[in-house]
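Structure at a glance
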Amino acid sequence: MSTCETTSPLVQSVGLPKSPEGAPVFPEPWAAEAFAMTVHLHERGLFSWSEWAEALSTEVHRAGRAEDGSDYFDCWIAALSGLLAAKGLADEETILALQHSWQRAAEATPHGRPIELANDPLLASQQA
């Protein structure tokens, strides 16, 4: 697992997995990137702390979510996507298309290699 050091109030998110020392920990690199992106967007003033907390809380408490918190970063992504769409910063269709593109890129990337969006076979065929 990787850790991230930051002074952002987002570190205090209820449910955010933490190391014994209290630093946020991430189960996968993409979760750390989602966290960093959220911190960056918040610090740029695109949404307030209370807006973020409400969006994340809504997702964490949505029916069907894992009681053990194992889907916490799935909730995080859903909250961030929903907040960006609600604020008109990105539309849900674009976000979904990017998610699918990253998934295809991941599936097309050989084990041990970095996943890059350029590995999406559909993007590669469109650029050819």
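What to know about the overall build of the chain
On a plain count of helices and strands, the chain comes out with five helices and two strands. Counting from the amino terminus, the chain carries its helices and strands in the arrangement β-β-α-α-α-α-α. Here the chain holds 128 residues, and the buried ones make up 29% of them. In the chain, once contacts between residues fewer than 6 apart in sequence are set aside, the share between residues at least 24 apart is 47%. As displayed, the chain offers around 8,400 Å² of accessible surface, 55% of which is attributable to carbon and sulfur atoms.

A closer look at the pattern of salt bridges
Opposite charge on two side chains lets them pair, provided their charged atoms get close. Scanning the model with the defined rule gives five salt bridges in all. Glu 51 is the partner of Lys 87 in a salt bridge, and the nearest nitrogen-oxygen pair spans 3.0 Å. One end of the pair, Lys 87, is in the loop between helix 3 (72-86) and helix 4 (92-108); the other, Glu 51, is in helix 2 (residues 49-60), with 36 residues separating them in the sequence. Under the relative-accessibility criterion, Lys 87 is labelled partly exposed at 36%. Note on Glu 51: relative accessible area 29%, which makes it partly exposed. When the shortest N-O distance is used, the salt bridge between Arg 62 and Glu 59 registers 2.8 Å. If you follow the salt bridges from partner to partner, you end up with Glu 59, Arg 62, Arg 65 and Asp 71 in one network.

Examining the nonpolar core
If you look at the biggest cluster of nonpolar residues, it comprises 19 residues, and the most contacted ones within it are Phe 26, Phe 47, Trp 52, Leu 56, Phe 73, Trp 76 and Leu 80. Those elements that provide at least two residues to this core are helix 1 (29-43), helix 2 and helix 3. Here this core takes eight residues from helix 3, the largest share from any one element.

Here's the deal with helix 3
Spacing of three or four residues puts side chains on the same side of an α-helix, whose turn is 3.6 residues. In this model helix 3 runs 21 Å from its N-terminal to its C-terminal C-alpha over 15 residues, within 8% of the 21 Å that 1.5 Å per residue would give. Residues of helix 3 that are buried include every one of Tyr 72, Phe 73, Cys 75, Trp 76, Ala 79, Leu 80, Ser 81, Leu 83 and Leu 84, and no others. Against the buried residues of helix 3 lie strand 2 (25-26), helix 1, helix 2 and helix 4. Count one or two residues on from helix 3 and you reach Gly 88, which has phi positive near 75°.

Remarks on the confidence of the model for the chain
With 86% of its residues at a pLDDT of 70 or more, the chain has an overall mean of 85. Predicted confidence for residues 1-6 stays below pLDDT 50, and this span has 16 contacts to residues more than four positions away or in other chains.

Digging into the packing of helix 2 against helix 3
In the contact formed by helix 2 and helix 3, the axes pass within 8 Å of each other and the chain directions differ by 130°. With respect to each other, helix 2 and helix 3 are oriented oblique. Relative to helix 3, helix 2 is oriented so that their crossing is right-handed. Contacts between helix 2 and helix 3 involve Glu 51, Trp 52, Ala 55, Leu 56, Glu 59 and Val 60 on the former and, on the latter, Tyr 72, Cys 75, Trp 76, Ala 78, Ala 79, Leu 80 and Leu 83.

Calculation rules
Residues numbered from 1 in each chain as written. Predicted model: local features only at pLDDT ≥ 70, side-chain atom pairs only at ≥ 80, totals over all residues. Heavy atoms only, no water. Helix = DSSP H or I, 4+ residues; strand = E, 2+ residues; numbered from the N terminus. Buried < 20%, exposed > 50% of the residue type's maximum accessible area, 1.4 Å probe, protein only. Contact = heavy atoms within 4.5 Å. Areas by Shrake-Rupley, 256 points an atom, 1.4 Å probe, with all protein chains shown as cover. Salt bridge = Lys/Arg side-chain N within 4 Å of Asp/Glu carboxyl O. Core = buried A, V, L, I, M, F, W, Y, C linked by side-chain atoms within 4.5 Å. Expected span 1.5 Å × (residues − 1). pLDDT = per-residue confidence, 0-100. Axes fitted to C-alpha atoms, helices over the stretch in contact; angles between N-to-C directions. Parallel < 35°, antiparallel > 145°, perpendicular 65-115°, else oblique. Left-handed = near helix turned anticlockwise from the far one by under 90°.

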